[in-house]
Amino acid sequence: MKTSNFKTTLLNALAISVLSFPSCKDDEEVVIPRTIVEEYTATINLTQLVDGADFRMNTTDYPYENAMRQKFKVTKLQYLISDITFSKDDATTVTDPGYHYVDLTNAASLSYTLATKIPAGTYSSIGFTFGFDQTDNVTGEYQDLNTIGWNWPAMLGGGYHFLRLEGGYLDSTNTPAEFKSHMGTARDNSTTPPTFEVNHFDVTLANSNVSVSTNFSFDIEMNIEEWYANPITWDFNVWNAPIMPIFGAQKALNTNGSSVFTFKK
Amino acid sequence: MNRISIYIFSIIVLLASCRADDSVDTDIPPVAPCEPTPYSLELPPHFNRINYPIIPADNPMTIEGITLGKKLFFEKLLSKNNSISCGSCHAPAYAFNDKGMVSSLGVNGTQSIRNAMPLFNLAWTSVTSRRFNWHGSAGTLEEQALGPVRDPLEMQESWINVVSKLQSTSEYPQLFQKAFCTSEIDSNLVVKAIAQFERTLISGDSKYDRYFLETEEGIDLPGDYTPTAQERRGLEIYIAEGKGDCFHCHGTPFQILWSNNEFVNNGLDASPDSGLAQITKDPLDLGKFKTPSLRNLNWTAPYMHDGRFGTLEEVIEFYNSGIQSSSPNIDGSQKPRSLTAQDKADLLAFLNTLNDSSFVNNPAFRP
């Protein structure tokens, strides 16, 4: 019985297949041949410099100087980037919708392989969002960031930290003091009630044109001194810690941030 | 004998022979399949806000393993003179802390160096710092459980003796057989079982958890909770940079665990205890200790790694005015606060919303 059924089914299948061939041929005639575009893996190395030299953290001395000639050292550097975007001259873009948390005490976090493969081609620039944009900066949304306590307080607008840059400086009396440059949503207390201003910024890396024809990698360099120099001269004696609730300090980091990052192949 | 009788006789003989064969088979002990029952952690719904704990691939959780681990946790055979167990210094009614002791007493009354840590939500340490104990001396829960048995200030026993004692009992070989498919006990299996039990010690049912579940997760439980005005003010002080600024180490409500599990020098002493540096040999780790969770503070006094503060009021006052700013590697958040008496009372009121009485009273965690 089973054999008989099998035979019947086989014959039916053969008949259908034979009848189907002519229609397949018709379909093939109308199919427009597609060009297969190869896709490649992009790996980003997150590097850090101060005044063009390799960055050293947790030094015993105060090896760096800001634009006000205030000596400082760094003891913690953590930051978040998202939405890495490759743009072409014709305005088409490829965006990796993920985010990446960098912690200088975790060597593995200094390399970021995008989940999105990048199609072969020539891209005129690479960019990213520092922090989360308004759409992505959703309070409590990300398990891994919640687990490490990367949240930005609800009273300051919620969402997540974008930056934690901490260290020590020598104050106006040459006495060691601490600074904590934490950045996230900016609360403006000058309005009633207080209002919240998004504080991420979009970076388009200068001279970041790439021609993609194989798996590739590049560096995104953070030039740390730029946070405190350009165009707003940062005074550690005024803005040391806490600065999270200070609207002006939050916006100053945003403004200075636009010149912090550079591209290196 | 007629033909029918012969047939009947033959059938009886055949049946008898069959029965005889059967009896031979039953002389061979049946090999019972060893299949410990897999167990998944029972997490409160809002724990989905943080990463799921990492369970070691070589120590999957099973009901039999947890049962054995609980029995071993309260087993005094693990100590030199069979006088103390893990549970002697980690009492369930005190959130697995040592009943108010500044430092715990080992075999023959030897005094340990540091305050016994409370035990709950330990499974998440493997997601974050991956270091256990105040000074980060163990990388896994299993490794942590190895230490106290042979510590000269704690249980003072050799693992060889512990294994021998357990092996000679009538019940432990059977329990290990059920949990690990072998009745041959060894120290690795002992600590695996204890770690399995410890991973079940989950605390997530405080007043604040119930408030969070309703407001953030939309889960309306019987016995839901609305914080008082004072508790709400306390949370704001807890969060605010320039006020309490507790959250940079102990997390916001979305962090759930109320500790980032990292190691920090909070400025207790100008010349601090070595802390994490004892393990890493890195001078940058001098004075750093594990950030404890703020859950269940009602039962975990005294506070700090050396139990120097008997009350939460003392702890808050330390952060307000007692920080030693010259302490090496002091955390950037550690600056003297300017909290008013009202601020301090509000902060205390908030901290008390993190007490989870259902955890300390959970019969599943009792011997």
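Residues numbered from 1 in each chain as written. Chains lettered and ligands numbered in written order. Predicted model: local features only at pLDDT ≥ 70, side-chain atom pairs only at ≥ 80, totals over all residues.

Let us now look at the overall build of chain A. The helix and strand tally for chain A stands at three helices and 18 strands. Out of the 265 residues in chain A, the part that is buried amounts to 33%. Sequence-distant contacts in chain A: of pairs separated by 6 or more residues, those separated by 24 or more amount to 71%. (Helix = DSSP H or I, 4+ residues; strand = E, 2+ residues; numbered from the N terminus. Buried ≥ 20, exposed ≤ 12 C-beta atoms within 10 Å, placed from the backbone. Contact = placed C-beta atoms within 7 Å.)

What follows covers the overall build of chain B. Helices and strands together make up the secondary structure of chain B, namely 14 helices and two strands. Oriented by its inertia axes, the alpha-carbon framework of chain B measures out at about 115 × 50 × 30 Å. Of all 367 residues assigned to chain B, the portion counted as buried reaches 45%. Sequence separation of 24 or more characterises 67% of the internal contacts of chain B that already satisfy a separation of 6 or more.

In this structure, B:Phe120, B:Phe176, B:Val190, B:Ala193, B:Ile194 and B:Tyr238 are the most contacted members of the largest nonpolar core, which totals 74 residues. It is helix H7 (residues 187-199) of chain B that provides the largest number of residues to this core, a total of seven residues. Split by domain, the residues of this core number at least three in each of domain 2 (45-202) and domain 3 (207-360) of chain B. If we ignore the near neighbours within four places in the chain, the residues touching B:Phe176 are B:Leu68, B:Thr182, B:Ser183, B:Ile185 and B:Leu189. Core analysis: the next-biggest nonpolar cluster, separate from the first, contains 49 residues, A:Tyr79, A:Tyr112, A:Ile118 and A:Tyr160 among them. (Core = buried A, V, L, I, M, F, W, Y, C linked by C-beta atoms within 7 Å. Domains from an automatic or database assignment.)

Before going further, it helps to spend a moment on helix H2 (residues 63-73) of chain B. All names here are of chain B. H2 sits mainly inside the fold: eight of its 11 residues count as buried. Those residues of H2 lying buried are Glu64, Gly65, Ile66, Leu68, Gly69, Lys70, Leu72 and Phe73. Looking at the buried positions of H2, the neighbouring elements they touch are helix H3 (86-89), helix H6 (172-180) and H7.

With that settled, consider the packing of helix H12 (residues 312-322) of chain B against helix H13 (residues 341-351) of chain B. All names here are of chain B. One way to put it is that H12 packs onto H13 with a least axis distance of 10 Å and a crossing angle of 125°. With respect to H13, the axis of H12 lies oblique. Considering the relative orientation of H12 and H13, their crossing is right-handed. The residues of H13 that touch H12, namely those facing Leu312, Glu313, Ile316 and Asn320, are Lys344, Leu347, Leu348 and Leu351. When the residues that make up the contact of H12 with H13 are grouped by side-chain class, the tally is five nonpolar, one polar and two charged. (Axes fitted to C-alpha atoms, helices over the stretch in contact; angles between N-to-C directions. Parallel < 35°, antiparallel > 145°, perpendicular 65-115°, else oblique. Left-handed = near helix turned anticlockwise from the far one by under 90°. Nonpolar A, V, L, I, M, F, W, Y, C, P; charged D, E, K, R; others polar.)

Below, the discussion takes up the pairing of strand E5 (residues 71-87) of chain A. Residue and element names in this part refer to chain A. With respect to burial, E5 is a largely interior element, 12 of its 17 residues being buried. As judged from the two bridges shared by strand E4 (residues 64-65) and E5, these two strands associate in the antiparallel manner. Residue pairing for E5: glutamate 65 is matched across the bridge by lysine 71. Remark: five residues form the turn of the hairpin made by E4 and E5, two consecutive strands paired antiparallel; arginine 69 in that turn has positive phi of roughly 60°. Here seven bridges tie E5 to strand E11 (residues 163-170), and the two strands are oriented antiparallel to one another. Considered in E11, the bridge of valine 74 is made with glycine 167. (Pairing = 2+ DSSP bridges.)

Attention shifts here to the interface of chain A and chain B. Each partner contributes to the interface: chain A provides 20 residues, whereas chain B provides 21 residues. Examining the composition of the side of chain A that touches chain B, we find that four residues originate from one element, helix H2 (residues 143-147) of chain A, more than from any other. Here the residues of the side of chain A that touches chain B are counted per class, giving seven nonpolar, eight polar and five charged.

Let us look at the packing of helix H9 (residues 229-239) of chain B against H13(B). Residue and element names in this part refer to chain B. Two elements in contact, H9 and H13, have axes whose closest approach is 7 Å; the angle formed by their N-to-C orientations is 100°. Considered as vectors, H9 and H13 are oriented roughly perpendicular to each other. Counted together, Gln230, Glu231, Arg233, Gly234, Leu235, Ile237 and Tyr238 of H9 and Asp343, Asp346, Leu347, Ala349 and Phe350 of H13 form the full contact between these two elements. Grouping the constituent residues of the contact of H9 with H13 by class yields six nonpolar, two polar and four charged.

This part is about the pairing of strand E17 (residues 216-223) of chain A. Residues and elements named next belong to chain A. Here strand E2 (residues 42-50) runs beside E17; their pairing, made up of eight bridges, is parallel. Counted as the bridge partner of leucine 46 is isoleucine 220 from E17. Pairing geometry for E17 and strand E18 (residues 261-264), over four bridges, is antiparallel. Residue methionine 222 lies in a different strand from E18, and its bridge partner there is phenylalanine 261.

Right, let's talk about helix H3 (residues 247-257) of chain A for a bit. Residues and elements named next belong to chain A. Counted residue by residue, H3 has eight buried out of 11 residues, so it is predominantly covered. Of all the positions in H3, only Phe247, Ala249, Gln250, Ala252, Leu253, Asn254, Asn256 and Gly257 are classed as buried. Contacts from the buried residues of H3 go to strand E10 (125-130), E11, strand E12 (176-183), strand E13 (186-188) and strand E15 (201-204).

Attention now goes to unusual backbone geometry. The omega angle of the peptide bond from A:Thr192 to A:Pro193 is -10°, so this bond is cis rather than trans. The topology assignment puts A:Pro193 in the loop between E13 and strand E14 (195-197). Of the consecutive residues A:Asn230 and A:Pro231, the connecting peptide bond is found in the cis state with omega at 0°. The topology assignment puts A:Pro231 in the loop between E17 and H3. Positive phi outside glycine occurs at B:Trp258, with the angle close to 60°. As for its position among the elements, B:Trp258 is in the loop between helix H10 (247-250) and strand E1 (263-264). On the basis of neighbour count, B:Trp258 is assigned to the buried category, with 27 C-beta atoms found within 10 Å. With phi around 65°, B:Asn261 is a residue other than glycine that occupies positive phi space. Topologically, B:Asn261 is positioned in the loop between H10 and E1.

Inspection of the secondary structure puts A:Ser217 in strand E17. Among residues more than four places away in sequence, those in contact with A:Ser217 are A:Thr43, A:Ile44 and A:Asn45.

Take the confidence of the model for chain A next. Mean pLDDT over chain A: 90, with 88% of residues reaching 70 or higher. In this model residues 1-26 of chain A is a low-confidence stretch, pLDDT under 50, and it forms zero contacts with partners more than four residues away in sequence or in other chains. (pLDDT = per-residue confidence, 0-100.)

Looking now at the environment of A:Gly127. All names here are of chain A. Mapped onto the elements, glycine 127 comes out in strand E10. The class of glycine 127 is partly exposed, set by 18 C-beta atoms lying within 10 Å. Residues glycine 127 and phenylalanine 263 lie 136 residues apart in sequence; the distance between their C-alpha atoms is 9.5 Å. Not counting residues within four places of it along the chain, the set of residues in contact with glycine 127 comprises Thr85, Ser87, Asp202, Val203, Thr204 and Leu205.

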